[in-house]
Amino acid sequence: MLLLRSSSLLRSIKSWRANLELLPCSCFVSTGKGHLRKNGMADSKTKSGNNPGNISELKIKQIEDEVASSYLLVDIGANLTNSKYSRDLDSVVERAKDAGVKKIMVTGASVQCSKEALRLTRLYPGMLYSSAGIHPHDAKTWTDDCYDTIKELASNPECVAIGECGLDFNRNFSPQDVQMEVFEKQVQLACEVGKPLFLHERDAHDDMVRILGKFKDRMPPAVLHCFTGTSAQALKYLEMGLYIGLTGFLWKDKSDDGVRSILEKGLIPLDRLLIETDAPFMYPNVRGSKIPANIKQALSDRSLSFLNRYCTFQRNEPCALPVIVEMIAAYMKRPVEEVAMATTINAIKLFGFS
């Protein structure tokens, strides 16, 4: 299990920190200052002779301060196979790590994209994971071979979900009847291989519910990725046992019954919430006039520094995730540490990240 907070620590303590991160969450307790420490470890006031490895009081304080400087997050959806990352993916991944994003699921949206996503997991083991599926936009590309190909990709341990699959009746890049047929086949595949579903839905709530309902007795866990619907739709998905994934879409939602309202009303339980960037899409424009002043004030300078320096409308990055979790926490009126920890635990629980 992972710690709630972490950052790029001093080189002299990297090995010490790495050992800590391998321990389960039960090995850590709150210091009462919004930080975590190892269960049984003395705090900064304890004599250095009682510290593991005789670490000095000053060193413990330095570690605590740095561990408190960023979050430890999981981005459940980033399109890192997109050509916009072809020249500097190493830097993109490194920035994500520095921002506190420790796991990223690379979205598979077509057969070729799913193969590439799996390939990336081999280049960044332990950091990147993948999904395998066909996006509703590409449903028209489905052939008889796709089922077996996706099944084979899903047999790899680095591939942790089936998807992105679902229904998009907003753009209709593929005919609706084809979308529904291909989606149902992928739900069936997820049931067969026992891996979670990474779902996409736009303007197709009723048909999504109907198709998923056919598999309710054997369907694996699922997340409705990049949710942008209404309160009633969110409650229905939650009633069906789905997780809800939220992105930087928050910045532009100003509807009376949209995502902001859902968070303010506390309709999404913390144990059903996941966070994602959907990079390179869904850039959170926190400078926009649509975001209330109190929400902007809740954003930390450190999180904003990653967003403003490296992310744009044209190319969002996983390093924007800290800003997203801070916005979500502000709308929910909950401590950001609590939301960060819950979403990380949920992602580990759902996808089985090592």
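Worth saying up front: this structure is predicted, and the values here are computed from it rather than measured.

(A) How the structure looks around the overall build of the protein. For the protein, the count of helices and strands is 13 helices and 10 strands. Across the 354 residues of the protein, 56% fall into the buried class. Sequence-distant contacts, at least 24 apart, represent 74% of the contacts inside the protein between residues at least 6 apart. As presented, the protein carries roughly 15,500 Å² of accessible surface, and 49% of it is formed by carbon and sulfur atoms.

(B) Just the environment of Ala117, in detail. Within the secondary structure, Ala117 is located in helix H4 (residues 111-123). By relative accessible area, which is 0% here, Ala117 ends up buried. With 13 residues separating them along the chain, Ala117 and Ser130 place their C-alpha atoms 5.6 Å apart. Once residues within four sequence positions are removed from consideration, Ala117 is found in contact with Thr81, Val106, Thr107, Ser130 and Ser131.

(C) Spotlight on the nonpolar core. Counting residues in each nonpolar core, the largest one holds 94 residues, and the members touching the most others are Leu80 and Ile328. Sort the elements by how many residues they give to this core and helix H12 (residues 321-332) lands first, with 10 residues. Aside from chain neighbours lying at most four places away, what touches Ile328 is Leu246, Leu250, Leu263, Leu273, Ile275 and Val339. Ile76, Val223, Tyr243 and Phe351 belong to the second-largest nonpolar core, a separate cluster that totals 14 residues.

(D) The side chain of His200, seen in detail. Within the fold, His200 resides in strand E7 (residues 197-202). Looking at His200, the relative accessible area reads 7%, which means it is buried. There is a polar contact of 2.8 Å between the side chain of His200 and the side chain of Glu164. Polar side-chain contacts of His200 include one of 2.8 Å to the side chain of Asp168. Excluding residues within four positions of it along the chain, His200 makes contact with His135, Pro136, Glu164, Cys165, Gly166, Leu167, Asp168, Met208 and His225.

(E) Spatial organisation of the sheet that holds strand E3 (residues 73-78). Strand order across the open sheet formed by 8 strands is E3-E4-E5-E6-E7-E8-E9-E10, with parallel pairing between neighbours. Looking at strand neighbours, the two that pair on one side only are E3 and strand E10 (273-275), the edges of this open sheet. Strand-to-strand twist across the sheet, computed as the mean angle between neighbouring axes with direction ignored, equals 30°. Looking at chain direction, strand E8 (residues 222-224) and strand E9 (residues 243-246) are connected through 2 bridges and run parallel.

(F) The pattern of salt bridges, seen in detail. One pass over the structure, following the stated rule, counts 13 salt bridges. Here Glu192 ties to Lys151 by a salt bridge, and the two come within 2.4 Å at their closest N and O atoms. Taken together, the residues span a long stretch of sequence, with Glu192 in helix H6 (residues 176-193) and Lys151 in helix H5 (residues 146-154) at a distance of 41 residues. By relative accessible area, Glu192 is classed as partly exposed at 43%. For Lys151, a relative accessible area of 33% gives the class partly exposed.

(G) Expanded view of the packing of H12 against helix H13 (residues 336-351). Packing of H12 against H13 brings their axes to within 9 Å, and their N-to-C directions diverge by 120°. By the angle between their axes, H12 is oblique relative to H13. Here the hand of the crossing between H12 and H13 comes out right-handed. Residues Val325, Glu326, Ile328, Ala329 and Met332 of H12 pack against Val336, Val339 and Ala340 of H13. Residue classes in the contact of H12 with H13 are distributed as 7 nonpolar, no polar and 1 charged.

(H) Expanded view of the pairing of strand E5 (residues 128-132). Taken across its 5 residues, E5 has 5 buried, putting it largely inside the fold. Side-chain alternation along E5 places Leu128, Ser130 and Ala132 on one buried face and Tyr129 and Ser131 on a second face that is also buried. In this structure, strand E4 (residues 101-106) lies alongside E5, joined through 3 bridges in parallel fashion. If you follow Val106 over to E5, its bridge partner there is Ser130. Judged from the 3 bridges that link them, E5 and strand E6 (residues 159-168) form a sheet pairing that is parallel. Residue Ser130 lies in a different strand from E6, and its bridge partner there is Cys159.

What counts and how
- Residues numbered from 1 in each chain as written.
- Predicted model: local features only at pLDDT ≥ 70, side-chain atom pairs only at ≥ 80, totals over all residues.
- Heavy atoms only, no water.
- Helix = DSSP H or I, 4+ residues; strand = E, 2+ residues; numbered from the N terminus.
- Buried < 20%, exposed > 50% of the residue type's maximum accessible area, 1.4 Å probe, protein only.
- Contact = heavy atoms within 4.5 Å.
- Areas by Shrake-Rupley, 256 points an atom, 1.4 Å probe, with all protein chains shown as cover.
- Core = buried A, V, L, I, M, F, W, Y, C linked by side-chain atoms within 4.5 Å.
- Polar contact = N/O pair within 3.5 Å; in protein donor to acceptor, adjacent residues only side chain to side chain.
- Pairing = 2+ DSSP bridges.
- Axes fitted to C-alpha atoms, helices over the stretch in contact; angles between N-to-C directions.
- Salt bridge = Lys/Arg side-chain N within 4 Å of Asp/Glu carboxyl O.
- Parallel < 35°, antiparallel > 145°, perpendicular 65-115°, else oblique.
- Left-handed = near helix turned anticlockwise from the far one by under 90°.
- Nonpolar A, V, L, I, M, F, W, Y, C, P; charged D, E, K, R; others polar.

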